[in-house]
Structures are given as C-alpha cells and as structure tokens.
Amino acid sequence: KDTAMADSKLDDFIASAAAALKLPLEPEWQGAIKANLAVTLKHASLVAEFALPDEAEPAPIYKA
C-alpha cells in the first residue's frame, strides 16, 4: 500500500470536506485531523469486514 498516496488522498478529502462544510482549516490542525480520520477509517473498515449471517437481526432500540 502506497502510504504517500494514501496521505495525499486523506489531505485531499480533508480539504474538500472542510470547503464543502465551510469550516476553517488551520494548517497546524492538519496532522491531528489526518490522524483522527485515519483511526476512524480503520475502525470503520474493521466493522465493514465483519461477516454477519443472513439471519442476523438488528438490535432493538431502547428508549428511556
């Protein structure tokens, strides 16, 4: 896996998302934003890779 390409794609995604949401993006925030996004994407990939049987039902929603 090409790390430089992945970093570039994360940088592009962060810049695009900030622009779309009209959020200020200070250059000194870039490293922390990228690190948090990388962790979030890693967790999401673990959830997406988890195979569920066809019979699986969603958990009920409890309200207080």
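These numbers were taken from a predicted model, which means no experiment stands behind them. (Residues numbered from 1 in each chain as written. Predicted model: local features only at pLDDT ≥ 70, side-chain atom pairs only at ≥ 80, totals over all residues. Heavy atoms only, no water.)

J.: Quick question: what am I supposed to make of the overall build of the protein chain here?
T.: Summing up its helical and strand segments, the protein chain has 2 helices and 0 strands in all. Over its C-alpha trace the protein chain gives a radius of gyration of 17 Å, far above what one expects of a compact globule, namely 11 Å for 64 residues. Taken over the C-alpha atoms alone, the protein chain extends approximately 45 × 35 × 20 Å along its principal axes. When the 64 residues of the protein chain are sorted by exposure, 8% land in the buried category. Carbon and sulfur atoms form 64% of the exposed surface of the protein chain, whose accessible area is close to 5800 Å². (Helix = DSSP H or I, 4+ residues; strand = E, 2+ residues; numbered from the N terminus. Rg over C-alpha atoms; globule rule 2.2 N^0.38 Å. Buried < 20%, exposed > 50% of the residue type's maximum accessible area, 1.4 Å probe, protein only. Areas by Shrake-Rupley, 256 points an atom, 1.4 Å probe, with all protein chains shown as cover.)

J.: Explain the side chain of lysine 34 to me, please; I cannot follow it from the model alone.
T.: Within the element layout of this structure, lysine 34 appears in helix α2 (residues 30-49). A distance of 2.9 Å separates polar atoms of two side chains, one belonging to lysine 34 and the other to aspartate 11. (Polar contact = N/O pair within 3.5 Å; in protein donor to acceptor, adjacent residues only side chain to side chain.)

J.: Looking at this structure, I do not really get the environment of leucine 25. What am I missing?
T.: Looking at the secondary structure, you find leucine 25 in the loop between α1 (3-20) and α2. Here leucine 25 is in contact with Ile14, Ala15, Ala18, Gln30 and Ile33, once residues within four sequence places are set aside. (Contact = heavy atoms within 4.5 Å.)

J.: In this structure, what is going on with unusual backbone geometry? I would like to understand it.
T.: The general pattern is negative phi for most residues beyond glycine and trans for most peptide bonds. Of note, the phi angle at lysine 22 is positive, near 55°, even though the residue is not glycine. Residue classification places lysine 22 among the exposed residues on the basis of a relative accessible area of 75%.

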